[in-house]
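Chain and residue survey
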Amino acid sequence: MSKKIVILNGSPRKNGNTAELIKSFTKGAQEVGHTVTEFFLNEMNIRGCLGCCAGGKNPESPCVQKDDMLKIYPEYKAADIVLLASPLYYWTISGQLKTAFDRLFAVAECDPNYRNPLKESILLMAAEGNGFEESVYWYDRLMNHLRWKSLGKVLCGGVMEVGDIEGKKELADAYELGKSIK
């Protein structure tokens, strides 16, 4: 059965190492018939969450702020899988990804019990070093809180400059992860 996959790409580099992980994953997922939609967050106008708890009144436009999240909300709601992709910044995900993910709370506000839609998820990250512990801790706790199922993580260290990821085994890991989705 074909699945809908939404990628939230939190990298500021359109053609960087995180993008290469995404390309490998996407190739594998599409080869087995899945639909992939990627949002390059750095080029989108997405403001930070106001913490107003005033959203959820209109499922078609769940947040009180009207910005490019309106492009993401319908795809997110229809998705079976949400892929979070980011470079490692200060031992966690990028601000671009965190800002967009925070804004998804408006969708949970559409439910009277503030339940998030149940999804499966994947984490892809690239970094200069190899200190992914805080990111993995955050991601695992997020999955637990949301009651989402993690399908896997691909964490590629030692890739600072654009192109450093070329030839790394994590590209094959991302491709295989994409192909493995049932």
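Residues numbered from 1 in each chain as written. Predicted model: local features only at pLDDT ≥ 70, side-chain atom pairs only at ≥ 80, totals over all residues. Heavy atoms only, no water.

1. Thoughts on the overall build of the protein
- Assigned secondary structure in the protein consists of 6 helices and 5 strands.
- Its helices and strands taken in sequence order, the protein reads β-α-β-α-β-α-α-β-α-β-α from the N to the C terminus.
- Compactness check: the protein gives a C-alpha radius of gyration of 16 Å against a globular reference of 16 Å for 182 residues, within 12% of the reference.
- The principal-axis extents of the C-alpha atoms in the protein amount to approximately 50 × 40 × 30 Å. (Helix = DSSP H or I, 4+ residues; strand = E, 2+ residues; numbered from the N terminus. Rg over C-alpha atoms; globule rule 2.2 N^0.38 Å.)

2. Section: the packing of helix 1 (residues 17-31) against helix 6 (residues 169-180)
- Contact pair helix 1 / helix 6: the axes reach a minimum separation of 6 Å and the direction vectors enclose 30°. Regarding the angle of helix 1 to helix 6, the classification is roughly parallel. Our pair here, helix 1 against helix 6, has a crossing hand that is right-handed. Between helix 1 and helix 6, the contacting residues are Glu20, Leu21, Ser24, Phe25, Lys27, Gly28, Ala29 and Glu31 on the first element and Glu170, Leu171, Ala174, Tyr175, Leu177, Gly178 and Lys179 on the second.
- Residues belonging to the contact of helix 1 with helix 6 are distributed by class as follows: 7 nonpolar, 3 polar and 5 charged. (Axes fitted to C-alpha atoms, helices over the stretch in contact; angles between N-to-C directions. Parallel < 35°, antiparallel > 145°, perpendicular 65-115°, else oblique. Left-handed = near helix turned anticlockwise from the far one by under 90°. Contact = heavy atoms within 4.5 Å. Nonpolar A, V, L, I, M, F, W, Y, C, P; charged D, E, K, R; others polar.)

3. Concerning the pattern of salt bridges
- Considering all chains together, one arrives at 10 salt bridges under this definition.
- Note that aspartate 140 and lysine 153 form a salt bridge whose closest N and O atoms lie 3.0 Å from each other. Taken together, the residues span a long stretch of sequence, with aspartate 140 in helix 5 (residues 133-146) and lysine 153 in strand 5 (residues 149-156) at a distance of 13 residues.
- Assessed through its relative accessible area of 35%, lysine 153 is described here as partly exposed. (Salt bridge = Lys/Arg side-chain N within 4 Å of Asp/Glu carboxyl O. Buried < 20%, exposed > 50% of the residue type's maximum accessible area, 1.4 Å probe, protein only.)

4. A closer look at the side chain of serine 135
- If you trace the backbone, serine 135 turns up in helix 5.
- Polar side-chain contacts of serine 135 include one of 3.3 Å to the backbone oxygen of tryptophan 91.
- Discounting chain neighbours no more than four positions away, the residues touching serine 135 are Leu88, Trp91, Thr92, Ile93 and Met125. (Polar contact = N/O pair within 3.5 Å; in protein donor to acceptor, adjacent residues only side chain to side chain.)

5. So, the sheet that holds strand 5
- Ordered by their spatial adjacency, 5 strands build an open sheet running 2-1-3-4-5, and the pairing between neighbours is parallel. On the outer flanks of this sheet lie strand 2 (35-40) and strand 5, each paired with one strand and no other. Averaged over all pairs of adjacent strands, the angle between strand axes in this sheet comes to 15°, irrespective of strand direction.
- Where strand 1 (residues 4-9) meets strand 2, 6 bridges bridge the pair, whose relative direction is parallel. In the sheet register, lysine 4 faces strand 2, and the bridge partner there is threonine 35.
- Strands in contact with helix 1 are strand 1, strand 2, strand 3 (81-87), strand 4 (120-126) and strand 5; relative to strand 4, the strand with the most contacts, it is inclined by about 140°. (Pairing = 2+ DSSP bridges.)

6. Section: a nonpolar patch on the surface
- Judged by side-chain polarity, Tyr89, Tyr90 and Trp91 come together as a nonpolar surface patch covering roughly 430 Å² of accessible area.
- Relative to the helices and strands, tryptophan 91 is located in the loop between strand 3 and helix 3 (95-103). (Patch = residues over 30% accessible without salt bridge, like charges linked within 9 Å, V, L, I, M, F, W, Y side chains within 5 Å. Areas by Shrake-Rupley, 256 points an atom, 1.4 Å probe, with all protein chains shown as cover.)

7. Concerning the packing of aromatic side chains
- Under the counting rule described, the total for this entry stands at 5 aromatic pairs.
- The interplanar angle of 75° and the centroid separation of 5.6 Å between the aromatic rings of tyrosine 90 and tryptophan 91 together place this pair among those described as edge-to-face.
- Judged by centre distance (6.5 Å) and plane angle (80°), the rings of phenylalanine 101 and tryptophan 138 are edge-to-face. You can see phenylalanine 101 sitting in helix 3 and its partner tryptophan 138 sitting in helix 5, a full 37 residues away along the chain.
- When its relative accessible area of 10% is taken as the criterion, phenylalanine 101 is described as buried. (Phe/Tyr/Trp six-rings, centres within 6.5 Å; stacked < 30°, edge-to-face > 60°.)

8. Quick word on the pairing of strand 1
- Judged by how many residues are buried, strand 1 sits mostly within the fold: 5 of 6 residues are covered.
- Crossover strand 1 to strand 2 through helix 1 is right-handed.
- Judged from the 5 bridges that link them, strand 1 and strand 3 form a sheet pairing that is parallel. Opposite leucine 8, over in strand 3, you have leucine 84 as the bridge partner. (Right-handed = clockwise from strand over helix to strand, strands pointing away.)

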